[in-house]
Amino acid sequence: MSYVETETASQPACWRRAADLAGDRAKALPATGERVAVVGCGTSLYMAQAYASLRESSGQGESDAFPASEFPLGRAYDRVVALTRSGTTTEVLELLGRLRGTTRTVAVTADPRTPVMTAADDLVVLDFADERSVVQTRFATTALTLLRAHLGLHTEDVVRDAERALAEPLPEGVAECTQYSFLGRGWTVGLAHEAALKMKEASLSWTESYPAMEYRHGPISISTDTTATWMFGPAPEGLEEQVRATGARWVESALDPLADLVRVQRLAVARAAARGLDPDRPRHLTRSVVLDEG
């Protein structure tokens, strides 16, 4: 098995550990009512988007998400949360350095031996969810589970749904599609973006992602009988019928949306295998983006 397959399969156990840690890490994570920004790069950015949406929509405080490279330094926040698996990403470290002494920062990371350990004011280390694969799976979902649990929005049902997502067959015919559109609403828009990225990284698939209500404003024109439209969470009324009318395959699940993301991770690995690709070593990518200052 590839590293990414092993790491994908370990997610239920990682999520249980993260949920148990949420209370212990309460002092480091944002308090209710704080104005918060969440930053990351790549997969971590999409988890940041999901968390920010969940936090604000549940009434726990104004919450924004940004790529670390695009953070608006002119805005005031009570706390900035940085998600970084490697702890070495250039843009994240540079931002934490610029915020030092002016805004409280907390980093959620997997590696306790990296520069982020001294760059942030507070730390949450999820070393049990670290990965050997370049492609992120369990660290990203475990970090989001920790944050959901801290918000009081995680239950054991989510973990059981992840176990089902690992055990049940993938939707019939979806692995044979030639194009994938991932859709979400609210916090699941971030999951849709992550699903599209995962399929690109691991299997070089043609993928796109959108807020579900925006799909009808142009993107639906790409739908044919060789494409799949994958919805995270409940779909807007009438969207399924419109997509099916194009001949495209419609994919929707009653699973918790984070558990549904596990199915996409499995699909990415299956597509990679069918194309003779190594999902642990995606083309042109490394485990961490460290920019050369020279």
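Refer to the structure printed above.
Here's a quick rundown of the structure. Bear in mind that the values here come from a model prediction, so they are computed numbers and not experimental data. (Residues numbered from 1 in each chain as written. Predicted model: local features only at pLDDT ≥ 70, side-chain atom pairs only at ≥ 80, totals over all residues. Heavy atoms only, no water.)

## Observations concerning the packing of helix 6 (residues 138-150) against helix 10 (residues 257-274)
Alright, step 1. At their nearest, the axes of helix 6 and helix 10 sit 11 Å apart, and the two run at 180 degrees to each other. Here helix 6 is positioned roughly antiparallel relative to helix 10, judged by the angle of their axes. The segment helix 6 lies against helix 10, with T141, L144, T145 and R148 engaging L258, L261 and Q265. (Axes fitted to C-alpha atoms, helices over the stretch in contact; angles between N-to-C directions. Helix = DSSP H or I, 4+ residues; strand = E, 2+ residues; numbered from the N terminus. Parallel < 35°, antiparallel > 145°, perpendicular 65-115°, else oblique. Contact = heavy atoms within 4.5 Å.)

## Quick word on the pattern of salt bridges
Pairs can form between side chains of opposite charge whenever their charged atoms are close.
Alright, step 1. According to the stated counting rule, one finds 18 salt bridges in the structure shown.
Alright, step 2. The salt bridge partner of K198 is E201, with a shortest N-O separation of 3.0 Å. In this pair, K198 and E201 both sit in helix 8 (residues 188-203), 3 residues apart, roughly one turn of the helix.
Alright, step 3. The exposure class assigned to E201 is buried, which follows from its relative accessible area of 17%.
Alright, step 4. Counted as one network, the salt bridges with shared partners bring together E34, R79, R104 and D122. (Salt bridge = Lys/Arg side-chain N within 4 Å of Asp/Glu carboxyl O. Buried < 20%, exposed > 50% of the residue type's maximum accessible area, 1.4 Å probe, protein only.)

## Description of the sheet that holds strand 5 (residues 122-125)
Alright, step 1. In spatial order, the strands read 2-1-3-4-5; together these 5 strands make up an open sheet with parallel pairing. Of all the strands in the sheet, just strand 2 (63-67) and strand 5 have a single pairing partner and so form its edges. Neighbour to neighbour, the strand axes of the sheet diverge by 20 degrees on average, direction disregarded.
Alright, step 2. Direction of pairing for strand 4 (residues 104-109) relative to strand 5: parallel, over a ladder of 4 bridges. Along strand 5, the bridge assignment pairs T109 with V125.
Alright, step 3. Strands in contact with helix 4 (residues 90-99) are strand 1 (36-40), strand 3 (79-84) and strand 4; relative to strand 3, the strand with the most contacts, it is inclined by about 160 degrees.
Alright, step 4. Each of strand 3, strand 4 and strand 5 touches helix 6; the most contacted strand, strand 4, lies at about 135 degrees to it. (Pairing = 2+ DSSP bridges.)

## A closer look at the sheet that holds strand 6 (residues 179-184)
Alright, step 1. Strand order in the open sheet formed by 4 strands is 7-6-8-9, and the pairing between neighbours is parallel. Pairing within the sheet leaves two strands with one partner each, and these edge strands are strand 7 (206-211) and strand 9 (249-251). Pairwise comparison of adjacent strand axes, ignoring direction, gives a mean angle of 20 degrees for this sheet.
Alright, step 2. Bridge analysis of strand 8 (residues 227-231) against strand 9 gives 3 bridges, and the strand direction is parallel. Its bridge partner lying in strand 9, A228 is registered against R249.
Alright, step 3. The strands touched by helix 10 are strand 6, strand 8 and strand 9; relative to strand 8, the strand with the most contacts, the crossing angle is about 155 degrees.

## Comments concerning the environment of Y51
Alright, step 1. Residue position: Y51 is located in helix 3 (residues 43-57).
Alright, step 2. Residues Y51 and T188, 137 residues apart in the sequence, show an inter-C-alpha distance of 9.5 Å.
Alright, step 3. In this view, Y51 contacts P30, V38, L144, L147 and L151; residues no more than four positions away in its chain are not counted.

Spatial relationships are all this shows, so hold off on functional conclusions.
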